[in-house]
There are 2 protein chains.
Amino acid sequence: MAASPEIGAGAGPAGTRSRREQILTVAAQLFARHGFHGVSIADLGAAVGVSGPALYRHFPGKEALLAEMLIGISEHLLAGGQERAAAADDPREVLAALIDFQVDFALREPELIVVQDRDLANLPPAPRRRVRLLQRTYVEIWVDTLRRINPELTPESARIAAHGAFGLLNSTPHSGTRGSRAEVAALLHRMAWAALTGLAPRAG
Amino acid sequence: MAASPEIGAGAGPAGTRSRREQILTVAAQLFARHGFHGVSIADLGAAVGVSGPALYRHFPGKEALLAEMLIGISEHLLAGGQERAAAADDPREVLAALIDFQVDFALREPELIVVQDRDLANLPPAPRRRVRLLQRTYVEIWVDTLRRINPELTPESARIAAHGAFGLLNSTPHSGTRGSRAEVAALLHRMAWAALTGLAPRAG
DNA sequence: GCGAGGCGTTAATGAGCGCTAACGTGTTAA
DNA sequence: TTAACACGTTAGCGCTCATTAACGCCTCGC
């Protein structure tokens, strides 16, 4: 229900904030369940209590709505990643903070996780490039951190490992999140940590 | 390019095999790139060199095509999982074989991985239930194996861990698979192994 | 030789969709 | 008071799409 206040808070008069965010939140849920093409403008309007074309008072079009959503997600993740990367010197501390951040996001906003990688292809070229750039930059934070921990790791391997960690941490939409939030978070954190630090050549 | 011969080889006269499989293979690629609703029957026909409604000679409809594809994937995975589970007594051996099997599939057929979890929602209720059941059964193989290795693991945790491992191993479509097939496979295998066996309470 | 059926074609139908147009209403500011 | 504007409404346009209809080959078994 409650989205992070940062995400999707674009420019605009103060009075429109609420409705815009309501639409974005509901759109994320519907897109996550039925896919971008599986949700019509009419569905979207009905879900927020208005009907159909009223959405054009808030967004120039359906694709623009998706664009704002996905760009908001990527910017949020990148900002969080940069913040964590700058907050500590020890790369192992940074990695732990990055994992915490990602698992927290994945548990709090599973719909956004789903939409982000499923409907990226439905974006017009310009915003798609923007999202891809933001995502790449975010991944690079993880890659750099991994290679500071283990300098023998090639960039290729580090990138594959980072994507693997995202897949692991972003598996929350698949497992239903029945257990207690904190327990699931701890479990996923330990798994990701083991997966990423198990990369170092074994001592034994 | 080359799909596992088992997948999608349904019943039918020998002469139709080739075309049906060609359609299924091409459909997987297009669905993976553009999503089920983003690919029209005309696109699909064009991609195999025929035009439009010719597909109705081989499938009763677009959704039926998707159904056959997804059911084929789930059956293939389940069969492979059952085979590995029966091939060894030591649960650690079984787990290693399961990981091998999954990573091999994920590297060989990344499009199927993508379509399976993205377009499950576009299936009619009946085949969707079937796919879900097959998937659940496959997951249970992993859950059982994990709990045989570590009896203190609760079913809930084991299920979350299994889904996490799938997310990790199925991350291949995101990382582009540039490196050598064998190296990537080894890396993902080590990560999954570390993530899943790191669940045991540490000895130290 | 010939009927049956596998496999393809083009044309048409009907539904759903994104989006625009035209219009109504309440609040706000000069 | 009234003009501007934010925010809704319903109709309708134009397009795409899945599906069906009607028809034409080519290749068999007889």
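Residues numbered from 1 in each chain as written. Chains lettered and ligands numbered in written order. Predicted model: local features only at pLDDT ≥ 70, side-chain atom pairs only at ≥ 80, totals over all residues. Heavy atoms only, no water.

## Re the protein's contact with DNA strand D
Quick reminder of the rule: When at least one non-hydrogen atom of a residue lies within 4 Å of a molecule or strand, that residue is treated as near it. Residues adjacent in sequence count toward polar contacts only when both atoms are side-chain atoms; beyond that, a polar contact is any pair of N or O atoms within 3.5 Å, and within protein one must be able to donate a hydrogen and the other to accept it. Residue polarity is assigned by list, with Asp, Glu, Lys and Arg as charged and Ala, Val, Leu, Ile, Met, Phe, Trp, Tyr, Cys and Pro as nonpolar; anything else, Gly included, falls into the polar class.
As a matter of local geometry, DNA strand D sits amid 16 residues, with A:Arg19, A:Arg57, B:Ile41, B:Tyr56 and B:Lys62 nearest to it. A share of 56% of the atoms of DNA strand D within 4 Å of the protein falls on sugar and phosphate groups. B:Lys62 has a polar side-chain atom sitting 2.6 Å from a phosphate oxygen of DNA strand D. Partitioning the surface near DNA strand D into residue classes produces seven nonpolar, five polar and four charged.

## A short note on the UniProt feature "DNA-binding region" (unreviewed entry) in chain A
Basically, it comes down to this: UniProt positions are given in the numbering used here, feature names are shortened, and annotations may be inferred rather than shown by experiment. To qualify as a helix, a DSSP run of H or I must reach at least 4 residues; to qualify as a strand, a run of E must reach at least 2; elements of each kind are numbered from the N terminus.
The positions that UniProt labels "DNA-binding region" (unreviewed entry) are, in the present scheme, residues 40–59 of chain A. Along residues 40–59 of chain A the backbone is 40% helical and 0% strand, and the end-to-end C-alpha distance reaches 14 Å.

## Examining the packing of aromatic side chains
Our working definition: Only Phe, Tyr and Trp rings are paired, with Trp represented by its six-membered ring, and only when their centres lie within 6.5 Å; those with planes under 30 degrees apart are stacked, over 60 edge-to-face, the remainder tilted. To sort residues, take the accessible area from a 1.4 Å probe on protein chains only and compare it with the maximum for the residue type: under 20% means buried, over 50% means exposed, and anything in between is partly exposed. A ring is considered to have a charge above it if a Lys NZ or an Arg CZ atom is located within 6 Å of its centre and within 35 degrees of its normal.
A complete count under the given rule lists eight aromatic pairs over all chains for this structure. Note on A:Tyr138 and A:Phe166: the rings are 5.6 Å apart at their centroids and 10° apart in plane angle, and the pair reads as stacked. Pair noted here: A:Tyr138 is in helix α6 (residues 125–149) and A:Phe166 is in helix α7 (residues 155–169), with a separation of 28 residues, a long-range link. The same class applies to A:Tyr138 as to A:Phe166, namely buried. Centre to centre, the rings of B:Trp142 and B:Phe166 are 5.0 Å apart; their planes meet at 75°, and the pair counts as edge-to-face. Placement of the pair is B:Trp142 in helix α6 (residues 125–149) and B:Phe166 in helix α7 (residues 155–169), with a sequence separation of 24 residues. In this structure B:Trp142 comes out as buried when scored by relative accessible area, which is 0%. By the ring-pair criterion, three or more aromatic residues cluster together here, those being A:Tyr138, A:Trp142 and A:Phe166. Between the NZ or CZ atom of A:Lys62 and the centre of the ring of A:Phe36, over which it lies, the distance is 4.3 Å.

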